[in-house]
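Chain by chain, the residues run as shown.
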Amino acid sequence: MRRLPKTFLQKFSKGHEDHIDSWLISYADMITLLFIVVVIAIPVSMNKETTNQEAPRGEPEHPYHVSDHTGLLAVNTIYDEAYRSLVGIIMKNNADEDISIEKTETSMWLDISVPFIFEDGSARIREEQAEMVKSLIHSIKNTIPVNSTIEVEGYTDDTPLTESKFVNNWELSSMQTARIAGLLIDSGIDGNYLRITSYAGNSPIVPNLDELGRPIDKNRIRNRRIIVKISVPAPAKNPRSL
């Protein structure tokens, strides 16, 4: 049998080794690229999942566009005890879809759905929510600092009243805020620390109508709300220091 020249065998052997090395390098590069893709994809996927989650209303991460709200949930504040107590009542009554609460270092807000606690076109508390409202009022009375001021604001949607004893939305929201303020006073809170304001339908937080002028029912419901703002007055400045 004819033997191949030694130079040919050396050439063939070297070429084969180069082919193996080249294949190994390509495979390693592919593994590295796959690892990079996976490392990048995992955080992106986690971020997308977090973004798509809705914040429960019982733990209010959002301010509903009410002026002066920050959207932040402060910790170690003078309202921590009140906050925990009120959130407990809200969750116990499965009301986190209809009542939200927020606190900062010096204040706290309750955002309450009017259709949830009041009868339609009325300042009468719904019978099924009376005990919960009583518990909320009792909690406010017993957990907030004694020098806190309380502002109760009433809002409606843009729908004119038709089947109501009240003449218009101004009167309706005024009586609803007065009803809440009255319950606070009945609980023992000094009326000198209370203030009520009626906005009727003039301060919607979401549009009542779409671009074609058609009503957006869910937005109208959202705009009908009571805001209870509890805050500590800023300390008076010493005239001598001015």
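Scroll up to find the structure.
Quantities reported herein were computed from a predicted structural model and do not represent experimental measurements.

Enquirer: Help me out: how do you make sense of the pattern of salt bridges in this one?
Expert: Where charged atoms of side chains with opposite charge meet at close range, the side chains can pair. Overall, the coordinates contain 7 salt bridges when judged by the stated rule. Between Glu-151 and Arg-195 there is a salt bridge; the shortest N-O distance is 2.6 Å. Here Glu-151, found in strand β3 (residues 149-155), pairs with Arg-195, found in strand β4 (residues 194-200); they are 44 residues apart in sequence, far enough to count as distant. Among the residues examined, Glu-151 registers a relative accessible area of 16% and is labelled buried. Here Arg-214 and Asp-210 are joined by a salt bridge, their closest N and O atoms 2.8 Å apart. For Arg-214, a relative accessible area of 48% translates into the label partly exposed.

Enquirer: I tried to follow empty space enclosed by the protein on my own but got confused; where do I start?
Expert: Any empty space left between the atoms is revealed when a probe the size of a water molecule rolls over them. The tally for this structure, following the rule as stated, stands at 2 cavities of 30 Å³ or more. If you add up the space inside the largest cavity, you get close to 80 Å³. In terms of lining, the largest cavity is formed by Leu-110, Ile-112, Ile-117, Val-133, Leu-136, Ile-137, Ile-140, Ile-180, Leu-184 and Val-228. Listed by contribution, the elements that provide at least two residues to the lining of the largest cavity are β2 (107-113), α4 (130-143) and α5 (169-186).

Enquirer: I would appreciate a short explanation of the layout of surface pockets in the present structure.
Expert: Computed from the structure, the largest pocket encloses a volume of approximately 360 Å³. Along the walls of the largest pocket sit 23 residues, with Gly-121, Asp-157, Thr-159, Leu-161 and Arg-224 positioned nearest its centre. For the lining of the largest pocket, the secondary-structure elements that each account for two or more residues are α3 (114-117), α5 and α6 (217-223). Of the residues in the lining of the largest pocket, the class split is 8 nonpolar, 8 polar and 7 charged.

Enquirer: Where do I start with the sheet that holds strand β5 (residues 225-231) in this structure?
Expert: Two strands in a sheet stick together by hydrogen bonds in their backbones, pointing the same way (parallel) or opposite ways (antiparallel). Read from one edge to the other, the open sheet built from 5 strands follows the order β1-β2-β5-β3-β4, with strand pairing classed as mixed. Unpaired on one side and paired on the other, β1 (99-103) and β4 mark the two borders of the sheet. When strand polarity is set aside, the average angle formed by the axes of neighbouring strands in this sheet is 15 degrees. Here 7 bridges tie β3 to β5, and the two strands are oriented antiparallel to one another. Counted as the bridge partner of Tyr-155 is Arg-225 from β5. Its contacts with the sheet place helix α2 (residues 80-92) against β1 and β2, and it is angled at close to 165 degrees to β1. Running at roughly 160 degrees to β4, α5 makes contact with β3, β4 and β5 of the sheet.

Enquirer: Would you mind showing me how to read the packing of aromatic side chains here?
Expert: Under the definition given, this model contains 1 aromatic pair. Plain terms: the ring middles of Tyr-155 and Tyr-199 are 4.8 Å apart, the flat faces sit at 5 degrees to each other, and that makes the pair stacked. Of the two residues, Tyr-155 is situated in strand β3 and Tyr-199 in strand β4; the sequence distance between them amounts to 44 residues. Look at Tyr-155 and you get buried, because its relative accessible area is 6%.

Enquirer: It is not clear to me how the packing of α2 against α4 should be interpreted in this structure. Could you clarify?
Expert: When two helices pack together, their arrangement is given by the angle between their axes and by how far apart the axes lie. In contact at an axis separation of 9 Å, α2 and α4 are set at 170 degrees when each is read in the N-to-C sense. In terms of orientation, α2 and α4 fall into the roughly antiparallel class. When α2 is examined against α4, the residues Glu-81, Ala-82, Ser-85, Leu-86, Ile-89 and Ile-90 are found in contact with a partner set consisting of Met-132, Ser-135, Leu-136, Ser-139, Ile-140 and Thr-143. Residues that form the contact of α2 with α4 fall into these classes: 7 nonpolar, 4 polar and 1 charged.

Enquirer: Hey, could you run me through the environment of Glu-153 in this one?
Expert: Within the secondary structure layout, Glu-153 lies in strand β3. Taking C-alpha positions, Glu-153 is 6.5 Å from Val-228, a pair spaced 75 residues apart along the chain. Here the side chain of Glu-153 touches Tyr-155 through a polar contact of 2.7 Å, side chain to side chain.

Procedures and definitions
- Residues numbered from 1 in each chain as written.
- Predicted model: local features only at pLDDT ≥ 70, side-chain atom pairs only at ≥ 80, totals over all residues.
- Heavy atoms only, no water.
- Salt bridge = Lys/Arg side-chain N within 4 Å of Asp/Glu carboxyl O.
- Helix = DSSP H or I, 4+ residues; strand = E, 2+ residues; numbered from the N terminus.
- Buried < 20%, exposed > 50% of the residue type's maximum accessible area, 1.4 Å probe, protein only.
- 1 Å grid on protein atoms, 1.4 Å probe; cavity = no way out; pocket = protein on both sides within 12 Å on 5 of 7 lines; lining within 4 Å.
- Points joined across faces, edges and corners; volume = space filled by probe spheres on them.
- Nonpolar A, V, L, I, M, F, W, Y, C, P; charged D, E, K, R; others polar.
- Pairing = 2+ DSSP bridges.
- Axes fitted to C-alpha atoms, helices over the stretch in contact; angles between N-to-C directions.
- Contact = heavy atoms within 4.5 Å.
- Phe/Tyr/Trp six-rings, centres within 6.5 Å; stacked < 30°, edge-to-face > 60°.
- Parallel < 35°, antiparallel > 145°, perpendicular 65-115°, else oblique.
- Polar contact = N/O pair within 3.5 Å; in protein donor to acceptor, adjacent residues only side chain to side chain.

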